[in-house]
Amino acid sequence: MSVSTAAAAQTICAPLPVLGRDVAVPLVTGGEVTYAALDYAASAPALQRVWDDVAAYAPYYGSVHRGAGYLSQLSTDLFENARRTVAEFLGCREGDQVVFTRSTTDSLNLLAAALPADCQVFVFETEHHASLLPWRDARVTYLDAPRTHQQAVETLEKALADRDPYGPALVCVTGASNVTGELWPVRELAAAAHAHGARIVLDAAQLAPHHAVSVADLDVDWVAFSGHKLYAPFGSGVLAGRADWLVQAQPYLAGGGASRKVTRREDGGVDVEWHESAARHEAGSPNVIGAYSIASACKALTEAGFDALVAREQYLIEKVREGLADVPEVRILSLFGDDAPRVGVISFVVEGWNSSHFAAALSAEYGIGVRDGLFCAHPLVRTLLGSDPQTQGECGAPEAAPGEKSLNAIRVSFGAGTPDEHVERFVTAVRELVSDGAKWRYRTEDGRCVPAV
């Protein structure tokens, strides 16, 4: 451990309590070990605080916006207070709307459905599929992966200036890469977009759990994120930002809740007057517990203080990067270089190993959960790997020729609930697997590498 890392360890906060922190899992080599959840970028464990809040509310669960009873009124207040809490957490401006959705993917598909006619969309190939793919009814320009922040801004500026015709446009950009963890120059990209008459939506799925996000300070038009990455349970998300395109669009789903008034016409049809509030895009009975859990997570992170949370995470990032740097066979994937600011997401490949085999050995022999593959960001990972594989590789390739390209990568990710021991065990496991090889035999089953029995 470096001097700076050791010094930081004396001043950072303790990890926040999360569910599953004491779960024991079996090892193929015998015995059990406490599970090291290092796949936060896929789904972070729920904060204990969030779970306790949801459990306390559960007996009072009631229908929302539709009931005169006490529990319905209580649930309605809780639901709308959750909306205000999220708006405050995101630093929303006066007039911005907070729409509760199912996920980041759902949020961006909602926005895609609300785009004005002839809107052009500009998106870097580096995006997660949730922000790369929803724009099916728009004219989309996919921008090549930049290698510096300045190049990202210049690439966007040129694309926006060259667009023809010069009409409505939307830029979609991530705040932090789900592959490399690197932060993107959101404020500068927003300025470039607005200078060329475009709007911008921020995919904050990987940013909001790690850093404070302010719609006003970043000057973005919308922000989207998922509850299950923000230490809340599955099934809830947020789209927050400007109301005009959302109000002008047809409801995302047609049904109860989105409609203000429905009347029969003389010809037998119906006329519908839709809400202009966020309810316009929240048809059906809303996920009250999902909204409440997001609001609880927002409060918990705010109370913990992002300065302290960021300091702890940077300490863990340095520990992991220093540990991997001591293993010559490991190559960390990066767009912007070693000095780029990042969150606790690190992807890498190991020379001579198929990534699926390596991840399987981490799980089966060390009780460490990571992710392997292309991370729903196929163009980016293939660009970083310098290859365009068409098929998945078989697992169990420790005898692969030196320098052979892996067909996928390994991702380790962590956050507010990660204890030191988890990252220390991970670094030790990487060193041992590279130097000594796996202790067990593995085979491919349904496309996954699993221990042979």
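Quick notes on the overall build of the protein
Right, so step 1: Helix and strand content of the protein: 14 helices and 19 strands.
Right, so step 2: Taken against the 2.2 N^0.38 rule, which gives 22 Å for 453 residues, the C-alpha radius of gyration of the protein at 23 Å falls within 12% of a compact globule.
Right, so step 3: Summarising its shape, the C-alpha atoms of the protein cover approximately 80 × 55 × 45 Å along the three principal directions.
Right, so step 4: Of all 453 residues assigned to the protein, the portion counted as buried reaches 54%.
Right, so step 5: Restricting the contact set of the protein to residue pairs at least 6 apart, pairs at least 24 apart contribute 72%.
Right, so step 6: Within the protein, one finds 37 positive and 56 negative side-chain charges whose respective centroids are separated by 4 Å.

What to know about the nonpolar core
Right, so step 1: Ranked by internal contacts, the top residues of the largest apolar core, which has 83 residues, are Val86, Leu90, Leu156, Leu202, Phe225, Leu230 and Val238.
Right, so step 2: Looking at this core, the element that brings in the most residues is helix 10 (residues 288-304), giving 9 residues.
Right, so step 3: Filtering out sequence-adjacent residues up to four positions away, Val238 remains in contact with Val86, Leu90, Val98, Val99, Phe100, Thr101, Ser107, Val223, Ala224, Phe225 and Ile294.
Right, so step 4: Formed by 35 residues, the second largest nonpolar core is a distinct cluster that contains Ala360, Ile368, Val423 and Val434.

Observations regarding the side chain of Thr418
Right, so step 1: Relative to the assigned elements, Thr418 resides in the loop between strand 17 (409-413) and helix 14 (420-436).
Right, so step 2: Thr418 gets classed as buried once you look at its relative accessible area, which sits at 1%.
Right, so step 3: In terms of polar contacts, Thr418 uses its side chain to reach the backbone amide nitrogen of Gly415, at 3.0 Å.
Right, so step 4: Setting aside residues up to four positions removed in sequence, Thr418 forms contacts with Pro15, Leu38, Tyr40, Arg312, Leu316 and Val423.

A few points about the pairing of strand 17
Right, so step 1: Among the 5 residues in strand 17, 5 count as buried, and that is most of the element.
Right, so step 2: Judged by which residues are buried, strand 17 turns out to be covered on both faces: Ala409, Arg411 and Ser413 on one side and Ile410 and Val412 on the other are all buried.
Right, so step 3: The pairing of strand 14 (residues 345-350) with strand 17 spans 4 bridges and is antiparallel. Bridging across to strand 17, Phe348 finds its partner in Ile410.
Right, so step 4: Of the pairings in the sheet, the one linking strand 16 (residues 371-373) to strand 17 comprises 3 bridges and is antiparallel in character. Following the sheet pairing, Gly373 is matched in strand 17 by Ala409.

Remarks on the pattern of salt bridges
Pairing of side chains with opposite charge becomes possible as their charged atoms draw close.
Right, so step 1: By the definition in use, this model includes 22 salt bridges.
Right, so step 2: Measuring nitrogen to oxygen at the nearest pair gives 2.9 Å for the salt bridge that ties Arg49 to Glu303. Remark: Glu303 occurs in helix 10 and Arg49 occurs in helix 2 (residues 48-57); sequence separation between them is 254 residues.
Right, so step 3: What makes Arg49 partly exposed here is its relative accessible area of 31%.
Right, so step 4: A residue is classified by how much of its surface remains accessible, and Glu303, at 58% relative accessible area, is exposed.
Right, so step 5: In this structure, Asp244 and Arg199 form a salt bridge, with 2.7 Å as the shortest nitrogen-oxygen distance. Of this pair, Asp244 sits in helix 9 (residues 244-248) while Arg199 sits in strand 8 (residues 199-203); the two residues are 45 residues apart in sequence, bridging distant segments of the chain.

Things to note about unusual backbone geometry
Right, so step 1: Note that the residue after Asp164, namely Pro165, is joined by a cis bond; omega there is 0°.
Right, so step 2: Its place among the elements puts Pro165 in the loop between helix 6 (149-161) and strand 7 (169-174).
Right, so step 3: Within the chain, Tyr231 stands out as a residue other than glycine whose phi angle is a positive 70°.
Right, so step 4: Locating Tyr231 in the fold gives a position in the loop between strand 9 (222-226) and strand 10 (237-241).
Right, so step 5: Exposure remark for Tyr231: the relative accessible area of 1% places this residue in the buried category.

Here we look at the sheet that holds strand 10
Right, so step 1: Taken together, the 7 strands give an open sheet; going across it, the order is 4-10-9-8-7-5-6, and neighbouring strands pair in mixed fashion. In this open sheet, the two edge strands, each paired with only one partner strand, are strand 4 (97-101) and strand 6 (139-143). Strand-to-strand twist of the sheet, defined as the mean angle between neighbouring strand axes without regard to direction, takes the value 20°.
Right, so step 2: The strands touched by helix 4 (residues 104-113) are strand 4, strand 7, strand 8, strand 9 and strand 10; relative to strand 9, the strand with the most contacts, the crossing angle is about 150°.
Right, so step 3: Contacts from helix 6 reach strand 5 (120-124), strand 6 and strand 7, with the element oriented near 160° to strand 5.

So, the sheet that holds strand 13 (residues 330-332)
Pairing between the strands of a sheet is mediated by backbone hydrogen bonds and can be parallel or antiparallel.
Right, so step 1: Read from one edge of the open sheet, 4 strands run 13-14-17-16, paired in antiparallel fashion. A strand with exactly one partner marks an edge of an open sheet, and here the two such strands are strand 13 and strand 16. Each strand axis lies, on average, 30° off the axis of its neighbour in the sheet, ignoring direction.

Comments concerning a nonpolar patch on the surface
Right, so step 1: Together, Tyr60, Tyr70 and Leu71 line one region of the surface with nonpolar side chains, adding up to about 340 Å² of accessible area.
Right, so step 2: Mapped onto the elements of the fold, Tyr70 is located in helix 3 (residues 70-89).

What to know about helix 7 (residues 186-195)
Residue pairs three or four apart in sequence face the same way in an α-helix, which turns once every 3.6 residues.
Right, so step 1: Buried within helix 7 we find Val186, Leu189, Ala190, Ala192 and Ala193. Buried residues of helix 7, viewed axially, fall in a sector of 160°; they line one side.
Right, so step 2: Contacts made by the buried residues of helix 7 are with helix 6, strand 7, strand 8 and helix 8 (215-218).
Right, so step 3: Just beyond helix 7, the residue with positive phi is Gly197, at close to 75°.

So, how was this worked out
- Residues numbered from 1 in each chain as written.
- Predicted model: local features only at pLDDT ≥ 70, side-chain atom pairs only at ≥ 80, totals over all residues.
- Heavy atoms only, no water.
- Helix = DSSP H or I, 4+ residues; strand = E, 2+ residues; numbered from the N terminus.
- Rg over C-alpha atoms; globule rule 2.2 N^0.38 Å.
- Buried < 20%, exposed > 50% of the residue type's maximum accessible area, 1.4 Å probe, protein only.
- Contact = heavy atoms within 4.5 Å.
- Lys, Arg positive; Asp, Glu negative; His and termini not counted.
- Charge placed at Lys NZ, Arg CZ, Asp CG, Glu CD.
- Core = buried A, V, L, I, M, F, W, Y, C linked by side-chain atoms within 4.5 Å.
- Polar contact = N/O pair within 3.5 Å; in protein donor to acceptor, adjacent residues only side chain to side chain.
- Pairing = 2+ DSSP bridges.
- Salt bridge = Lys/Arg side-chain N within 4 Å of Asp/Glu carboxyl O.
- Axes fitted to C-alpha atoms, helices over the stretch in contact; angles between N-to-C directions.
- Patch = residues over 30% accessible without salt bridge, like charges linked within 9 Å, V, L, I, M, F, W, Y side chains within 5 Å.
- Areas by Shrake-Rupley, 256 points an atom, 1.4 Å probe, with all protein chains shown as cover.
- Arc of directions from axis to C-beta.

Shape descriptors only; they carry no functional weight alone.
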